[in-house]
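A structural walkthrough
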Amino acid sequence: MEYSIEDVAYMMGASSISNFSKQFKKWSGITPSEYRKQINPKRTVRSVAQSGHFE
């Protein structure tokens, strides 16, 4: 199951999403959205013509 940033902020007891995002960036050096992009990159699909199968 994938949680939204809002859900995580609530579960962590943050007083607001803005406060959570600021603290997250202070702790990690990146925003929650940037972190999510790093751990869950979009998959690319190549056509069958290029590779003979989907990846």
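Residues numbered from 1 in each chain as written. Predicted model: local features only at pLDDT ≥ 70, side-chain atom pairs only at ≥ 80, totals over all residues. Heavy atoms only, no water.

Concerning the packing of aromatic side chains
Following the criterion strictly, the structure yields 3 aromatic pairs and no others. Here phenylalanine 24 and tyrosine 35 contribute two aromatic rings whose centre-to-centre distance is 5.7 Å and whose plane-to-plane angle is 65°, an arrangement assigned as edge-to-face. Separated by 11 residues along the polypeptide, phenylalanine 24 in helix 2 (residues 17-28) and tyrosine 35 in helix 3 (residues 32-39) bring together distant segments of the chain. For tyrosine 35, a relative accessible area of 38% corresponds to the partly exposed category. An aromatic cluster of at least three residues, connected via ring pairs, comprises Phe20, Phe24, Trp27 and Tyr35. (Phe/Tyr/Trp six-rings, centres within 6.5 Å; stacked < 30°, edge-to-face > 60°. Helix = DSSP H or I, 4+ residues; strand = E, 2+ residues; numbered from the N terminus. Buried < 20%, exposed > 50% of the residue type's maximum accessible area, 1.4 Å probe, protein only.)

Some points on a nonpolar patch on the surface
Residues Tyr3, Tyr10 and Met11 make up a contiguous nonpolar surface patch of about 390 Å² in total accessible area. For tyrosine 10, a relative accessible area of 70% gives the class exposed. (Patch = residues over 30% accessible without salt bridge, like charges linked within 9 Å, V, L, I, M, F, W, Y side chains within 5 Å. Areas by Shrake-Rupley, 256 points an atom, 1.4 Å probe, with all protein chains shown as cover. Salt bridge = Lys/Arg side-chain N within 4 Å of Asp/Glu carboxyl O.)

Comments concerning the confidence of the model for the chain
For the chain, the average pLDDT comes to 81, and 71% of its residues sit at 70 or higher. The secondary-structure element of the chain with the lowest mean pLDDT is helix 4 (residues 48-51), recorded at 58, while helix 2 shows the highest, at 93. (pLDDT = per-residue confidence, 0-100.)

Looking at helix 2
Between its first and last C-alpha atoms helix 2 spans 16 Å; for 12 residues at 1.5 Å apiece the expected length is 16 Å, and the two agree. Trailing helix 2 by a residue or two, glycine 29 shows a phi angle of about 90°, which is positive. (Expected span 1.5 Å × (residues − 1).)

What to know about the environment of alanine 9
Examined against the element boundaries, alanine 9 turns out to sit in helix 1 (residues 5-11). With 15 residues separating them along the chain, alanine 9 and phenylalanine 24 place their C-alpha atoms 9.7 Å apart. Non-local contacts of alanine 9, meaning those with residues more than four positions away in its chain, are made with Ala14, Ile17 and Phe20. (Contact = heavy atoms within 4.5 Å.)

Some words on the environment of lysine 25
Relative to the helices and strands, lysine 25 is located in helix 2. Lysine 25 sits in the partly exposed class, given a relative accessible area of 44%. Sequence spacing of lysine 25 and tyrosine 35 is 10 residues, and the spatial spacing of their C-alpha atoms is 9.5 Å. The contact partners of lysine 25, leaving out residues within four places of it in the chain, are Ile30 and Thr31.

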